Amino acid sequence: MSMEPPVGLTAMPVTKIAMITTLVVPLMASIANYKHIFLLQYDPFLQTYHQYYRLFIFQLCAINESDTVILALLWYLFRHLERLLGSHKYLTLIFLSWAYTTLVIWGLNLIWNSFVGHYQWLQWNNFTTGSLPIALSLVHFYKEYTPQIYEWNIRLLGPRGGLSNHNDSKQEDEGAVEWKINDQFLLNGLILLLILNQGFAGLLCGFTSWMCGIFIDKGLLPGLDRWRIPFVSRWISQGPPTRANVAMAANAATNTAAARASTEAAITAAGSANTTTPGPASMPLRGSSTAPTDTSTAGDDEPGADEPARPLGVQFLDSFRR
Amino acid sequence: MEIDGNTLVFIIVILFLFFSTPGGDGVSSQYEFNQLQRLKQQLQTEHETFLNMTHAENFRNITGFKLSYQDTLNNPLQNATYPLPGKEYDRWFPDQNYMILPNEVIDTLNTKVWNTSNGDTSNLFPPNITSTLLGKIDVVANNKYEKIRMPIPRFYEPATDFSEDIPPDGETYWSEWPSYGELHNVSFQHGEIAIQISHMDNIQNANNYLRRSFINKKNDHWKLLNLQIDFSDKAEKEKHSISSKAVYDIQRGRILSISQSSKLHSLFALPHYMSLQDDYDEKIFNDVKELVNEFWNFTDYADTMTMKDLQNAYNNANLKCEYMVFLQLEPWNQYSKDQIKLIDDELNWPLGRPVNLSSLPPINVVSGLLYSPDCGVRLQIHEVKGTRYELKIISIRKHLLFGIVLFAAQIYLLLTQMHHTNTPSMVNKISFYCFSMINLVDGSLATLYFVAASVVPELYLPLVISAFSCFILASIFEIRYLISIYASQVNEQNVGIVNLLRGNTGTYDENRPRPAFIPDESSIGGSLYGRFFFMLIIFTFLILSSTSWPRQLRMIFEYILIFILNSYWVPQIFRNAVKGIPSRRERVRSSNGGNRSQNKMPLLWSFVIGTTIIRSLPVVYVFTYSSNVFRHHKDVHFVVFLSLWLLFQISILYSQDILGSRWFLPKHTIPDGYSYFKPLSKEYISEHGSGTVENTVDCAICMSDVPIYIEEISETHKVDQHSYMVTPCNHVFHTSCLESWMSYKLQCPVCRSPLPPL
């Protein structure tokens, strides 16, 4: 297994689903003006209105745009975990994280508010929005199972830094601040932003969810070792996203795309050829019997074709460029 | 750029124009400045009088209230002056001696209009009534009451020449005004009324935290509203509109509004007219006075007057009657106070509170009366009701979301259709005008959505998404398709219909100028996009302006337009007939031969039926569902007619599919089509030379020999005539070679002359 996960979401169905959900649900909700059903607060929603359904859906949609974007980026970084665990186990892990974090946060909230929260200012009222608990639970797995690849130092010179350039190194160290940064600093930064973005609730729920992640890993919260979500293997049956699998899937994708675009690409190629060099010399040498699947070589067959095959999307874009 | 004298002068002129435009108050001359000063001064004096006025005192020098109804009865030509000799200014009683309403109207108000809750305040009324109410209006009397004379101060008049600096003094009366053909009366008996209510919000002065001022401080008892009232007769030939401030008494459910213009300063009269009861309540007067005063201080009413306000006040005074509007709301006693607050909060700021918004009763005006003191018109309204504005927005949002789904379905159908016709020969059979009509509707819908998005900020997101999906459909997919249709039909320009029926576009007709250059797709695209946007703008303006036409004209226009725009399959029927697609049985028979794909029907049936349903659903909804969001009238007959018309078009298309596209044309009107499969003569071989083997010619596409059928030589009669094709320009190719070429371009590969499609 190589150090860097392959770029893109090929053969990563669970990550794809998670990212799409993170982005599409808030979009749909705000178009339909139903974003408020994803807001969770102890008072009034749980305490007064008894709207317990909010507990089970609040992780589906982040209320703020910045949270949405950060979560989507985090899911992309977590695709490493899908590659490590396999899609099915990863999906199970996400589901368990969702269930356990929801229950634990709710339980702690109930306990706190029934014992301590009689005072208005001590009440734990706000919860996080979006899949922050799941993400924090997954952070544990990410940190635990991803080796650090490299690190580097950033040295910030103090106010007398200008002098230190031509003095000895001893003086240099006095005024300098040194930061050690490793390859996971993007993830760390995003997590930090996500938590700070949501204030105290973010810290509290984030810490609790991290604990949940550790407990799931250690088996204290059971399920990950033996149980898998049933009936979903059809959708995620591509097998573990090994490099060979990924390459195969990528090939398949380009092949089908090429096949789909073949006719139009051929039209464009032939058309452009005909305008530049008139006459039968530019004719494609394909009889009517040529099967449409035989298109991977269509571009090479045409002597006059100076353009590569263009898929439909490229053609639409081209119509704006010209 | 070189800066010489001319450029400098130009820049200075531009700067002069820029800086000499009127400032915030719109004053552009000394005369106007003086006008505005006079107005402010007048308002300040009247405000001082207003501040000193108590509930037991009459109006003094407040514009429009100098005469009472009784004064006019005593002397109909009485001028409105202050002080009037013999008039009591230190007393007040709500009758015609003091008010500008006749006693009869005051009685009606007390007994029939404002009668729901006089003394007791146990009834509950919704505190927030932002809505549009619709109902009926009847004229009770339009020549029974004496008209109170209300003068306009002459300083409102615009300057007559440039040298004039000081506005004239004095006042003018109606009889002295030049006539512009305006109507100081209501001449119909029954009509329709729309009342638009919006709240003046409790805004705090955000710029200055030290000087926080509020209006509507007594939020739970009194509120200031903006009222926009439009009423007209059924045919909308005579329209009246009033736009004014109103006071809403939340405890009693009463709304009072008096129009404001340069002949009636109604703001100062609201306290007196809000308290009409015999058991005259001082508290009401003082509350309303405080409310009006708060509003005055909050807005700096006199100091923020602009030239625009002044001109509006002058125009309103000149062109319109003044109206006093008295409305009584129906109480919402089925709710408790807390429930009403919850409902209000949920509507203002939706959080999913446990309220049932769908069962919310409408804002209902039980009784209402309009009286015009200066025109002597009395009107009465009934059945006026409407849902809360926020509920209306929610319902429109649902409609818009459904519309987006329709657009998505249309895009999907169009893509399958485009995939179905992927060769020029197939695209050639599709009617350009059919898709132009569809495209025009989609494009103008997109523009209308864009316009609406800037008008209704609450619905910005769904409107923009609708506009965007509609625009993508119209300007990307449909235009792309139109470009390819146009490009495949370029050959047929300047060709007569008979030639087209023959399918023989390629014969060398010496009279017909051959196109010197055949435009490629990008130049076609440019011209089509230009045409598209031009048509779009024209059409959108037409639609937008048609909404303000009188009802009858508007309806005729609408019906004709909908009928024409729903005839989109007619051009395709003609196109099918022109292109002569064989019947289904023949197609099945000939599909064993080479050209399978060439003989399909050009339009997919899923596309035809899906498009028809998508496009007629909104029309059906608007015309059959009587409480639709567009307030469109119900007309089932038209929908039935339209559906039958669409059904007729589809059935013709279907019959063309089954029987062949020319079944309705008599046999002798159909000329023979061009046949690519024919025997050749010996002269052809001698003229064009033969291939390497005898009795063959070279196929210019595959560069190999084509065995041909030559009439004079019997050995060649073994050759299948369908194995080669002869173009109208007398070039010979293998059938397979030419057919595959013709799926790219309908031009002869050798001489580039146009080829008739298969």
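Residues numbered from 1 in each chain as written. Chains lettered and ligands numbered in written order. Predicted model: local features only at pLDDT ≥ 70, side-chain atom pairs only at ≥ 80, totals over all residues. Heavy atoms only, no water.

- Within an unreviewed UniProt entry, the label attached to chain B reads RING-type E3 ubiquitin transferase, and the organism entered is Saccharomyces arboricola.
- Entered under Catalytic activity (unreviewed entry) in the UniProt record, the comment concerning chain B runs "S-ubiquitinyl-[E2 ubiquitin-conjugating enzyme]-L-cysteine + [acceptor protein]-L-lysine = [E2 ubiquitin-conjugating enzyme]-L-cysteine + N(6)-ubiquitinyl-[acceptor protein]-L-lysine."
- Word for word, the UniProt comment on chain B under Subcellular location (unreviewed entry) is "Endomembrane system". (UniProt positions renumbered as here; feature names shortened; annotations may be inferred.)

- For chain A, an unreviewed UniProt entry supplies the name YOL073C and the organism Saccharomyces arboricola.
- If you open the UniProt record of chain A and go to Subcellular location (unreviewed entry), you find "Membrane".

## Thoughts on the overall build of chain A
Then, in step 1: A count of helical and extended segments in chain A gives 14 helices and 2 strands.
Then, in step 2: Across the 322 residues of chain A, 40% fall into the buried class.
Then, in step 3: Restricting the contact set of chain A to residue pairs at least 6 apart, pairs at least 24 apart contribute 77%.
Then, in step 4: For chain A, the exposed area adds up to about 17,800 Å²; of that, 65% sits on carbon and sulfur atoms. (Helix = DSSP H or I, 4+ residues; strand = E, 2+ residues; numbered from the N terminus. Buried < 20%, exposed > 50% of the residue type's maximum accessible area, 1.4 Å probe, protein only. Contact = heavy atoms within 4.5 Å. Areas by Shrake-Rupley, 256 points an atom, 1.4 Å probe, with all protein chains shown as cover.)

## Some remarks on the pairing of strand β8 (residues 324–329) of chain B
Residue and element names in this part refer to chain B.
Then, in step 1: Counting buried positions along β8 gives 6 out of 6 residues, so the element sits mostly inside the fold.
Then, in step 2: Burial along β8 is two-sided: M324, F326 and Q328 facing one way and V325, L327 and L329 facing the other are all buried.
Then, in step 3: Here 5 bridges tie strand β7 (residues 254–258) to β8, and the two strands are oriented antiparallel to one another. By the bridge assignment, L256 is partnered in β8 with F326.
Then, in step 4: As paired strands, β8 and strand β9 (residues 363–372) are joined by 6 bridges and run antiparallel to one another. Residue pairing across strands places Q328 opposite S367, the latter belonging to β9. (Pairing = 2+ DSSP bridges.)

## Some words on the nonpolar core
All names here are of chain B.
Then, in step 1: Of all hydrophobic cores here, the largest spans 65 residues; its most connected members are L101, Y273 and F326.
Then, in step 2: If one sorts the elements of this core by residue count, helix α6 (residues 282–299) sits on top with 6 residues.
Then, in step 3: Every residue in contact with Y273, bar those within four places of it in the chain, is listed here: F59, F65, M99, I100, L101, W114, L256, I258, M324 and F326. (Core = buried A, V, L, I, M, F, W, Y, C linked by side-chain atoms within 4.5 Å.)

## Some remarks on empty space enclosed by the protein
All names here are of chain B.
Then, in step 1: Enumeration over the complete set of coordinates arrives at 6 cavities of 30 Å³ or more.
Then, in step 2: In this structure, the largest cavity encloses a volume near 80 Å³.
Then, in step 3: S241, I242, S243, S259, Q260, S261, N316, K320, C321 and E322 are the residues that line the largest cavity.
Then, in step 4: Looking at the lining of the largest cavity element by element, the count peaks at 3 residues for strand β6 (residues 239–249).
Then, in step 5: In the lining of the largest cavity, the residues fall into 2 nonpolar, 6 polar and 2 charged.
Then, in step 6: Quantified by volume, the second largest cavity comes out at close to 50 Å³.
Then, in step 7: Residue assignment for the lining of the second largest cavity shows that the elements contributing at least two residues are α16 (570–579) and α18 (605–624).
Then, in step 8: Tallied by class, residues from the lining of the second largest cavity come to 6 nonpolar, 2 polar and no charged. (1 Å grid on protein atoms, 1.4 Å probe; cavity = no way out; pocket = protein on both sides within 12 Å on 5 of 7 lines; lining within 4 Å. Points joined across faces, edges and corners; volume = space filled by probe spheres on them. Nonpolar A, V, L, I, M, F, W, Y, C, P; charged D, E, K, R; others polar.)

## Looking at the pairing of strand β10 (residues 377–386) of chain B
A regular strand places its side chains on the two faces of the sheet in alternate fashion.
All names here are of chain B.
Then, in step 1: In this structure, strand β1 (residues 131–141) lies alongside β10, joined through 6 bridges in antiparallel fashion. Note on β10: the bridge partner recorded for I137 is I381.
Then, in step 2: Here β9 runs beside β10; their pairing, made up of 8 bridges, is antiparallel. Residue pairing across strands places S372 opposite V377, the latter belonging to β10.
Then, in step 3: Between the antiparallel neighbours β9 and β10 lie 4 residues, among them G376 with a positive phi of about 65°.

## Here's the deal with the domain arrangement of chain B
Then, in step 1: Taken domain by domain, chain B comprises domain 1 (28–336 + 364–387), domain 2 (393–499 + 520–659) and domain 3 (682–744).
Then, in step 2: On a C-alpha basis, the centres of domain 2 of chain B and domain 3 of chain B stand 43 Å from each other. (Domains from an automatic or database assignment.)

## Quick word on the pattern of salt bridges
All names here are of chain B.
Then, in step 1: Tallied over the entire structure, the rule returns 25 salt bridges over all chains.
Then, in step 2: In this structure, the salt-bridge partner of E192 is K234, at a minimum N-O distance of 4.0 Å. Here E192 is found in strand β4 (residues 190–199), whereas its partner K234 is found in the loop between β5 (222–233) and β6, with 42 residues between them in sequence.
Then, in step 3: If you follow the salt bridges from partner to partner, you end up with E192, K234, E236, R551 and R554 in one network. (Salt bridge = Lys/Arg side-chain N within 4 Å of Asp/Glu carboxyl O.)

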